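# A structural walkthrough
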Amino acid sequence: MRKILSALLVFILLTSIMVIPSSAAVTQSTIDKVVKWAIDTANDDTHGYSQAYDRRWGTPDYDCASFVISAYRSVGFKLPYAAHCSNIKEEFMKEGFQWIPNTEIDLSTSKYLKPGDVLLRIAGHTEIYIGNNQQCGAHDDYDGNVKGDTYGNEVCPYTYSNRSNWSGILRYPVDKPLNIGTGFYATIVNNNTGKALTNMSDENCENRNVTGQPVTNKANQIWKFDRRSDGTYKITSVWNGLVLDVTGSGTTAGTNVSAYFSNDKPAQKWNVYGEEGKYRFKPMCNELALEVNPTTSNARMWTDNNSKTQYFTINKMNVPQSTYVDCKAGFEEEPVTLWWNMTLYTDAYDVKIYKSGEEEPCMEVNDVLETYTQVSLPQGEYEVVVYSKNEICSIKSMNTAKFTVKKFEGTILGDVDGDGEISVIDATEIQLFMAQVGTLTESQQKLADTDKDGEVSVIDATRLQMLLANLIESL
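Residues numbered from 1 in each chain as written. Predicted model: local features only at pLDDT ≥ 70, side-chain atom pairs only at ≥ 80, totals over all residues. Heavy atoms only, no water.

### Focus: the overall build of the protein chain
Broken down by element type, the protein chain carries seven helices and 26 strands. Relative to the globule expectation of 23 Å for 475 residues, the C-alpha radius of gyration of the protein chain, 35 Å, shows a markedly less compact shape. Projecting the C-alpha coordinates of the protein chain onto the three principal axes gives extents of approximately 125 × 55 × 40 Å. Going through the 475 residues of the protein chain one by one, you find that 47% of them count as buried. Sequence-distant contacts in the protein chain: of pairs separated by 6 or more residues, those separated by 24 or more amount to 59%. Within the structure as shown, the protein chain displays about 23500 Å² of accessible surface, and the carbon and sulfur contribution to it stands at 50%. Looking at charge distribution, the protein chain has the averaged site of its 43 positive side-chain charges lying 13 Å from that of its 61 negative ones. (Helix = DSSP H or I, 4+ residues; strand = E, 2+ residues; numbered from the N terminus. Rg over C-alpha atoms; globule rule 2.2 N^0.38 Å. Buried < 20%, exposed > 50% of the residue type's maximum accessible area, 1.4 Å probe, protein only. Contact = heavy atoms within 4.5 Å. Areas by Shrake-Rupley, 256 points an atom, 1.4 Å probe, with all protein chains shown as cover. Lys, Arg positive; Asp, Glu negative; His and termini not counted. Charge placed at Lys NZ, Arg CZ, Asp CG, Glu CD.)

Quick look at the structure:
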């Protein structure tokens, strides 16, 4: 009876000190202890492989699931004594682990893996990645019912392989990613240099480097943050739509950071860590941290050292929204009407008109306070873009409107639009002119004066409508 009570007291004591680690208590040192436990246990040949329940929990053997679970229980995680792999994902996620499926991480090599990652083929097999291209776990029972590891390879480390076709990995975020909101615009200023991350590419998306430059708050320094369902951020330049990207998905310190076309690969999936005023950026494609080189001001990936060169301030701002532009083409003598949508956070609009095929605008109308303007142009093919702007920056319209200016060749009385025939459009043009919504050139007004009384009036529009309704034979 005394032996039973003593054993019970020992059990109570052990369970009382087996505390579930809080997010604040779990550090890289905690994960390192998990890895050490796995290596030490695998190297102890008193432990072999067994699926027998009375042997598989280290008494003295393990199977794949009990080995991985025991490794994390050894540092205080409260994980169940699972019977198989099918519920490992669910139970580990309850403890704060992140599930990263094989659709989001390249598991053909170990370059995206971190020590402590749980490799899992759901309902099949599991092991622990221990670093240096090595995995560790309980594999097979080579010696039948013999306890322990008689051959030394039932439980052991070995070269990483994806031959198990891992479904994904379970990773405990030692430094938990932050949720700083979504759909907002901001500059990203390096705390060490005081310089803002700047998209150095041009409007044609060439020369796509990112560097730290003195703060100007221009479009090439403003980035849109969109939070994905997995908690990572897509960080897009408002200048030309390129995305903050780890060049070539590099994994070595010194890898360049650029702005590249959106592809949603791990090199463009950024986790944000730290705290306000001291944010850090780390991509899914490596274990490095973003920094601005203090010597060259180039943005690069570097060993995560929690230094000031890797701290950034995110300055949120109200950027003018991109508008949509449309137009009504006209004739040489008639102004072309351009209009666009009103947008939020916009103080004024700049209009740039290009002859088709030319890079420099042939006409600019700046600081327009309304959502329309009229311009007179010679014959030709044209394109127009409108920039919404405020004191922070200007944003290009989401489209380019194309239009043609023709020579007015109307000669038929009533053919106000000069298309060679009388239609309801001609009557409408007169009505818009009378309502002071539209304009008519001098030549158009002569053709619109259907009663030839020297002025354009509602009577002229009515006569056109009567002609179209066959109520009169001619004008």
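### Here's the deal with the sheet that holds strand β1 (residues 98-101)
The antiparallel open sheet is built from six strands, whose spatial order is β1-β6-β2-β3-β4-β5. Edge positions in the open sheet fall to β1 and β5 (155-159), since each of these has one partner strand only. Ignoring which end each strand starts from, the neighbouring axes of this sheet average 30° apart. Pairing of strand β2 (residues 118-121) with strand β6 (residues 168-171) involves three bridges; the strand directions are antiparallel. By the bridge assignment, Val 118 is partnered in β6 with Leu 170. Sheet strands in contact with helix α2 (residues 28-43) are β3 (125-131), β4 (134-138) and β5, and its direction is about 110° off that of β3. Sitting on the sheet, helix α3 (residues 64-73) is in contact with β2, β3, β4 and β5, with an inclination near 45° to β3. (Pairing = 2+ DSSP bridges. Axes fitted to C-alpha atoms, helices over the stretch in contact; angles between N-to-C directions.)

### Description of the environment of Asp 304
Inspection of the secondary structure puts Asp 304 in the loop between β17 (299-302) and β18 (312-317). Look at Asp 304 and you get partly exposed, because its relative accessible area is 31%. A C-alpha to C-alpha distance of 9.3 Å links Asp 304 and Ala 253, two positions 51 residues apart in sequence. Ignoring sequence-local partners within four residues, the contact set of Asp 304 consists of Arg 280, Lys 282, Glu 287, Ala 289 and Gln 310. Looking at Asp 304, its side chain comes within polar contact range of the side chain of Arg 280, at 3.1 Å. Looking at Asp 304, its side chain comes within polar contact range of the side chain of Lys 282, at 2.9 Å. (Polar contact = N/O pair within 3.5 Å; in protein donor to acceptor, adjacent residues only side chain to side chain.)

### Observations regarding the packing of aromatic side chains
Taken as a whole and assessed by the stated rule, the structure comprises 18 aromatic pairs. Each ring, one from Phe 92 and one from Phe 97, has its centre 4.9 Å from the other, and the planes form 70°; the classification is edge-to-face. With relative accessibility at 1%, the residue Phe 92 sits in the buried group. What makes Phe 97 buried here is its relative accessible area of 3%. The interplanar angle of 70° and the centroid separation of 6.1 Å between the aromatic rings of Phe 225 and Tyr 233 together place this pair among those described as edge-to-face. By the burial criterion, Phe 225 is buried, and Tyr 233 matches it. Taken together, the aromatic side chains of Tyr 72, Phe 77, Phe 92, Phe 97 and Tyr 172 make up a single cluster linked through ring pairs. One residue, Lys 282, lies across the ring of Tyr 273, its end atom 5.8 Å from the ring centre. Across the ring face of Tyr 387, the terminal group of Lys 352 is positioned such that the distance to the ring centre comes to 5.0 Å. (Phe/Tyr/Trp six-rings, centres within 6.5 Å; stacked < 30°, edge-to-face > 60°. Lys NZ or Arg CZ within 6 Å of the ring centre and 35° of its normal.)

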